[in-house]
Amino acid sequence: GIQVEQSPPDLILQEGANSTLRCNFSDSVNNLQWFHQNPWGQLINLFYIPSGTKQNGRLSATTVATERYSLLYISSSQTTDSGVYFCAAPSGGYQKVTFGTGTKLQVIP
Amino acid sequence: DGGITQSPKYLFRKEGQNVTLSCEQNLNHDAMYWYRQDPGQGLRLIYYSQIVNDFQKGDIAEGYSVSREKKESFPLTVTSAQKNPTAFYLCASNGGMRGHQPQHFGDGTRLSIL
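This report concerns the structure included in the present document. (Residues numbered from 1 in each chain as written. Chains lettered and ligands numbered in written order. Predicted model: local features only at pLDDT ≥ 70, side-chain atom pairs only at ≥ 80, totals over all residues. Heavy atoms only, no water.)

**Structural notes on the state of the cysteines**
Between two cysteines, a covalent bond joining their sulfur atoms is known as a disulfide.
Reasoning step 1: Under the criterion given, the structure shown has two disulfides over all chains.
Reasoning step 2: Between Cys23 of chain A and Cys87 of chain A runs a disulfide, and the two sulfur atoms are separated by 2.0 Å. Between Cys23 of chain A and Cys87 of chain A the sulfur-sulfur dihedral comes to about 80°; the bridge is accordingly right-handed. In this pair, Cys23 of chain A is assigned in strand β3 (residues 19-25) and Cys87 of chain A in strand β9 (residues 83-91), connecting sequence segments 64 residues apart.
Reasoning step 3: Overall, the relative accessible area of 0% leaves Cys87 of chain A in the buried class.
Reasoning step 4: Note that Cys23 of chain B is cross-linked by a disulfide to Cys91 of chain B, the S-S spacing being 1.9 Å. Linking Cys23 of chain B and Cys91 of chain B, the disulfide has an S-S dihedral of approximately -75° and is accordingly described as left-handed. Linking Cys23 of chain B in strand β3 (residues 19-25) with Cys91 of chain B in strand β9 (residues 87-94), this pair joins segments that are 68 residues apart in sequence. Considered together, Cys23 of chain B and Cys91 of chain B belong to a single accessibility category, that of buried residues. (Disulfide = S-S within 2.5 Å. Helix = DSSP H or I, 4+ residues; strand = E, 2+ residues; numbered from the N terminus. Buried < 20%, exposed > 50% of the residue type's maximum accessible area, 1.4 Å probe, protein only.)

Here it is in structure tokens:
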């Protein structure tokens, strides 16, 4: 099945700083999803982004499907951005979704 | 508002006991999924269902069972055969076979052994 790798595994930011999270996948995909898991365990949809670039407030994402990677940009980080960020790609004939191992982000005041 | 409801939020199991976790969705989604998350780890797929009365094993199905008698409901039973059931369980759904669509998640159930 498809392999999904995320980097870095851990990230500590000062409040107000910018960051880029990366997701590499081993097979070509026609869609990719980014999630934020907050400290209470809730998984929040951030982006559903098969290709191109999308923006939502301080967050934006870019997927380059031909090169098998996606990037999540966080600008002017806030303490509420803390948590774990996952990317996920379809596998198994698009019936299943495989998650990456996540990037744990801590934003300190 | 449409969404996925998981219950209970916290569940405790005694040794040798089966427990059932509830997952209900009102999004009219065809496909539903169960994932397990251990502390500090990613999500692993337990079971998934693309349509009523049909389901498939995921990567870690041993010790678990499911049913899909209604489109809205996909309960997960953690059996006594699952020797290490303590984990966070997440249910998800999406549009399934109508074309790959974003997954939406419930708020999860935390299961612990007494």
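**Here we look at the side chain of Gln103 of chain B**
Reasoning step 1: Turning to its location among the elements, Gln103 of chain B is positioned in the loop between β9 and β10 (104-105).
Reasoning step 2: In this structure Gln103 of chain B comes out as buried when scored by relative accessible area, which is 0%.

**Section: the interface of chain A and chain B**
Reasoning step 1: Between chain A and chain B, the residue contacts involve 18 residues of the former and 21 residues of the latter.
Reasoning step 2: Buried surface at the junction of chain A and chain B, summed over both partners, amounts to about 1,600 Å²; 54% is from carbon and sulfur atoms.
Reasoning step 3: Put simply, chain A and chain B have zero salt bridges between them.
Reasoning step 4: There are five residue pairs in polar contact (both at pLDDT 80 or more) connecting chain A and chain B.
Reasoning step 5: Of all elements in the fold, only β4 (33-37), β5 (43-48), β9 and β10 (96-99) of chain A reach the threshold of two or more residues within the side of chain A that touches chain B.
Reasoning step 6: In terms of residue class, the side of chain A that touches chain B is built from nine nonpolar, eight polar and one charged. (Contact = heavy atoms within 4.5 Å. Buried area = accessible area lost by both parts, 1.4 Å probe. Salt bridge = Lys/Arg side-chain N within 4 Å of Asp/Glu carboxyl O. Polar contact = N/O pair within 3.5 Å; in protein donor to acceptor, adjacent residues only side chain to side chain. Nonpolar A, V, L, I, M, F, W, Y, C, P; charged D, E, K, R; others polar.)

**Points about the sheet that holds β3 of chain B**
Across a sheet, strands are paired by hydrogen bonds formed along the backbone, either parallel or antiparallel in direction.
Residues and elements named next belong to chain B.
Reasoning step 1: Taken in spatial order, the four strands make up an open sheet running β1-β3-β8-β7, and their pairing is antiparallel. Two strands close off the open sheet at either side, each with one partner strand: β1 (4-7) and β7 (64-66). Sheet twist, expressed as the average angle between the axes of neighbouring strands with direction ignored, equals 20°.
Reasoning step 2: Bridge analysis of β7 against strand β8 (residues 76-78) gives three bridges, and the strand direction is antiparallel. Each bridged residue has a counterpart across the sheet, and for Val66 the counterpart in β8 is Leu76. (Pairing = 2+ DSSP bridges. Axes fitted to C-alpha atoms, helices over the stretch in contact; angles between N-to-C directions.)

**A closer look at unusual backbone geometry**
Reasoning step 1: Cis geometry marks the peptide bond from Ser7 of chain A to Pro8 of chain A, where omega comes out at -10°.
Reasoning step 2: Following Ser7 of chain B, the chain continues into Pro8 of chain B via a peptide bond in cis, with omega recorded as -10°.
Reasoning step 3: Looking at the element boundaries, Pro8 of chain B is found in the loop between β1 and β2 (10-13).
Reasoning step 4: One non-glycine residue, Arg68 of chain A, lies in the positive phi region at around 65°.
Reasoning step 5: Position of Arg68 of chain A relative to the elements: it lies in the loop between β7 (59-64) and β8 (69-74).
Reasoning step 6: Since its relative accessible area comes to 36%, Arg68 of chain A is described here as partly exposed.
Reasoning step 7: Positive phi, close to 65°, is recorded for Asn53 of chain B, a residue that is not glycine.
Reasoning step 8: Positionally, Asn53 of chain B belongs in the loop between β5 (43-51) and β6 (54-57).

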